[in-house]
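Overview (structure and organization)
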Amino acid sequence: LKEADPEIPEKCPSCTADLVWDADNLICPNVGDCPAQIINTIEHFFITLRNINGFGSATIEKLYENGIRDVCRIYKLGIDDFRKYGFGDKQSQNLLAELERSCTEPLEDWRFLAAFGVHQLGRANSEQLLKNIKLDDVFNVKVARCARRRTARHDGRRATGDGVRGRVPHLA
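Since this is a predicted model, take the numbers as computed values, not measurements.

Relative orientation of the contacting elements helix α1 (residues 35-49) and helix α2 (residues 57-65) amounts to 130°, with a least axis distance of 10 Å. By the angle class used here, α1 and α2 are oblique. As for how α1 packs across α2, the hand of that crossing is right-handed. Residue-level inspection shows P35, I38, I39, I42, E43 and F46 of α1 in contact with α2, the latter providing S57, I60, E61 and Y64. By residue class, the composition of the contact of α1 with α2 is seven nonpolar, one polar and two charged.

With that settled, the discussion passes to the environment of G86. Take G86: it is sitting in the loop between α4 (79-84) and α5 (89-104). Once the C-alpha coordinates of G86 and K62 are considered, the two residues, 24 residues apart in sequence, prove to be 8.1 Å apart.

Take the packing of aromatic side chains next. The way to describe two aromatic rings as a pair is by their centre distance and the angle between their planes. Here the structure, examined in full by the defined rule, presents seven aromatic pairs. Ring centres of F46 and F55 lie 4.7 Å apart, and the angle between their planes is 20°; on these two criteria the pair is classed as stacked. Judged by relative accessible area, F46 falls into the buried class, the value being 3%. Exposure remark for F55: the relative accessible area of 6% places this residue in the buried category. Taking the centre distance of 5.8 Å and the plane angle of 75° together, the rings of F82 and F87 count as edge-to-face. For the pair F82 and F87, one class covers both residues: buried. In this structure an aromatic cluster arises from ring pairing among F45, F46, F55, Y75, F82, F87, F112 and F116. The ring of F87 is capped by K62, whose NZ or CZ atom sits 4.6 Å from the centre of that ring. Above the ring of Y64, the side-chain terminus of R69 is found at 3.6 Å from the ring centroid.

Turning our eyes to something else, we now look at a positive patch on the surface. A cluster of basic side chains, namely R69, R73, K76 and K84, defines a positive patch on the protein surface. Tracing the chain through its elements places K76 in the loop between α3 (71-75) and α4.

Below, the discussion takes up the nonpolar core. Grouped together as the largest cluster of nonpolar side chains are 31 residues, with contacts concentrated most on F46, F55, L63, I74 and F82. Those elements that provide at least two residues to this core are α1, α2, α3, α5 and α8 (135-138). Ranked by residue count, the leading element in this core is α1, at six residues. Here F46 is in contact with I52, F55, I60, I74, Y75 and L99, once residues within four sequence places are set aside. One finds C12, C15, A17 and C34 within the second-largest nonpolar core, a separate group that totals six residues.

How each quantity is defined
- Residues numbered from 1 in each chain as written.
- Predicted model: local features only at pLDDT ≥ 70, side-chain atom pairs only at ≥ 80, totals over all residues.
- Heavy atoms only, no water.
- Axes fitted to C-alpha atoms, helices over the stretch in contact; angles between N-to-C directions.
- Helix = DSSP H or I, 4+ residues; strand = E, 2+ residues; numbered from the N terminus.
- Parallel < 35°, antiparallel > 145°, perpendicular 65-115°, else oblique.
- Left-handed = near helix turned anticlockwise from the far one by under 90°.
- Contact = heavy atoms within 4.5 Å.
- Nonpolar A, V, L, I, M, F, W, Y, C, P; charged D, E, K, R; others polar.
- Phe/Tyr/Trp six-rings, centres within 6.5 Å; stacked < 30°, edge-to-face > 60°.
- Buried < 20%, exposed > 50% of the residue type's maximum accessible area, 1.4 Å probe, protein only.
- Lys NZ or Arg CZ within 6 Å of the ring centre and 35° of its normal.
- Patch = residues over 30% accessible without salt bridge, like charges linked within 9 Å, V, L, I, M, F, W, Y side chains within 5 Å.
- Areas by Shrake-Rupley, 256 points an atom, 1.4 Å probe, with all protein chains shown as cover.
- Salt bridge = Lys/Arg side-chain N within 4 Å of Asp/Glu carboxyl O.
- Lys, Arg positive; Asp, Glu negative; His and termini not counted.
- Charge placed at Lys NZ, Arg CZ, Asp CG, Glu CD.
- Core = buried A, V, L, I, M, F, W, Y, C linked by side-chain atoms within 4.5 Å.

Quick look at the structure:
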């Protein structure tokens, strides 16, 4: 084996935006328009919820190809929409049934909050945040309010309200 310098890409392979360093991570800053990030965000939502089946990579990619770019739009789809997007009758019925079931099944608040994929707000930070702010109030949290309540252990709270609103189009 011969030693070689690593090839570090300059452009996002999905959308060709210039990549930037964020601490030790090379990221694409094109959050709202990068196909890979949009698909990953939707996939992350369903994986984190863990209360819904059928919304894996293939399903999400097919929805993306048909212009669906966010979770809110997915929850507004009807059976005819799924059929129009190329899903069979049975699969369309199953997907719709899973969406409806996920809306009524109990779910931990931290899991729901973490599903939005806000940068640096995973399970632990979601749980810590919800010890101080009710889930119903998270969407109205202002950065200044979090900064006043921030402690050294809970830095993840400071941009949560804006981060969640940015991930949920009708709240932005």
